[in-house]
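Here are the chains, one letter per residue:
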Amino acid sequence: MESSGTRQAATEARKAQIASAAIAVLAERGYAETTFEAICGHAGLSSKRLISYHFSTKEQLFEAVVRQVVTDAAAFMRPAIEAASGARARLEAFIRANIAFIAAHPAHVRAVQQIAFGRAPVGGGEQDAAVARLAALFEDGQRTGAFRAFDSVLMATSLRACIDAVADRVAGGLDPGHCADELVDLFDRATAGTPRSS
């Protein structure tokens, strides 16, 4: 007899399999051609009922895709950010790790872009949470004197918008190191409280 923990783990594994297949199909075929049938074919599932059992609508599935991308990005970026000491170093680590994630996972970027272009709004809660985390980083830096006084939410929104704007170019082959260098310099200058020692 199967335990509830085993069933739950199997359910989560199936949802992750479906979300991963949806990411790949969105990236390869685009929003309009991402159907339950196409996802089934990519995932090797025998019936689209295996998808609709877990996600009753395409919207629910796409929300799961956005959550999966955010989770994957956070896991990728967290070690670099946690290793950084001080607000300016954490800001630099955030930018560099985010650009590195985009370069390493272009299908994730394309999938979220397809969802955003195909419908509105996309993952507002996830985007709001990302901006709130950046705003908290900026506010921490302002308290310690690492950053000058500015509207932390506006600065966080601006940084998120810059990264989103270059994501397609990085995923398409723009040198991620060059891109990260430019964004680090731009936001270091925009936020600096006191000049950085060389």
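Up top you'll find the structure we're talking about.
As the structure is a prediction and not an experimental result, all values here were calculated from the model.

Describing the packing of helix α6 (residues 106-118) against helix α8 (residues 152-171)
- Following both chains from N to C, one finds α6 and α8 inclined at 130°, their axes separated by 9 Å at the closest point. As the angle between them shows, α6 and α8 are arranged oblique. Between α6 and α8 lies a crossing whose hand is left-handed. Residues P106, V109, R110 and Q113 of α6 form the contact with α8, whose participating residues are A167, D168 and A171.
- For the contact of α6 with α8, the per-class residue count stands at four nonpolar, one polar and two charged.

Overview of the nonpolar core
- Grouped together as the largest cluster of nonpolar side chains are 35 residues, with contacts concentrated most on I95, I99, F138 and L159.
- Contributions of two or more residues to this core are made by α4 (58-83), α5 (87-104), α7 (124-144), α8 and α9 (176-191).
- Of all the elements, α5 adds the most residues to this core, at nine residues.
- In terms of nonpolar packing, the next biggest core, distinct from the first, is built from 23 residues, A22, L26, C40 and A64 among them.

Topic: the packing of aromatic side chains
- Across all of its chains, the model carries five aromatic pairs by this definition.
- Between the aromatic rings of F138 and F147, the centroid separation amounts to 5.6 Å while the plane-to-plane angle is 65°, which identifies the pairing as edge-to-face.
- Classification of F147 as buried rests on a relative accessible area of 4%.
- Every member of this aromatic cluster is reached through a ring pair, and the members are F138, F147 and F150.
- Its end group placed over the ring of Y31, K58 keeps NZ or CZ at 4.9 Å from the ring centre.

What counts and what doesn't
Residues numbered from 1 in each chain as written. Predicted model: local features only at pLDDT ≥ 70, side-chain atom pairs only at ≥ 80, totals over all residues. Heavy atoms only, no water. Axes fitted to C-alpha atoms, helices over the stretch in contact; angles between N-to-C directions. Helix = DSSP H or I, 4+ residues; strand = E, 2+ residues; numbered from the N terminus. Parallel < 35°, antiparallel > 145°, perpendicular 65-115°, else oblique. Left-handed = near helix turned anticlockwise from the far one by under 90°. Contact = heavy atoms within 4.5 Å. Nonpolar A, V, L, I, M, F, W, Y, C, P; charged D, E, K, R; others polar. Core = buried A, V, L, I, M, F, W, Y, C linked by side-chain atoms within 4.5 Å. Buried < 20%, exposed > 50% of the residue type's maximum accessible area, 1.4 Å probe, protein only. Phe/Tyr/Trp six-rings, centres within 6.5 Å; stacked < 30°, edge-to-face > 60°. Lys NZ or Arg CZ within 6 Å of the ring centre and 35° of its normal.

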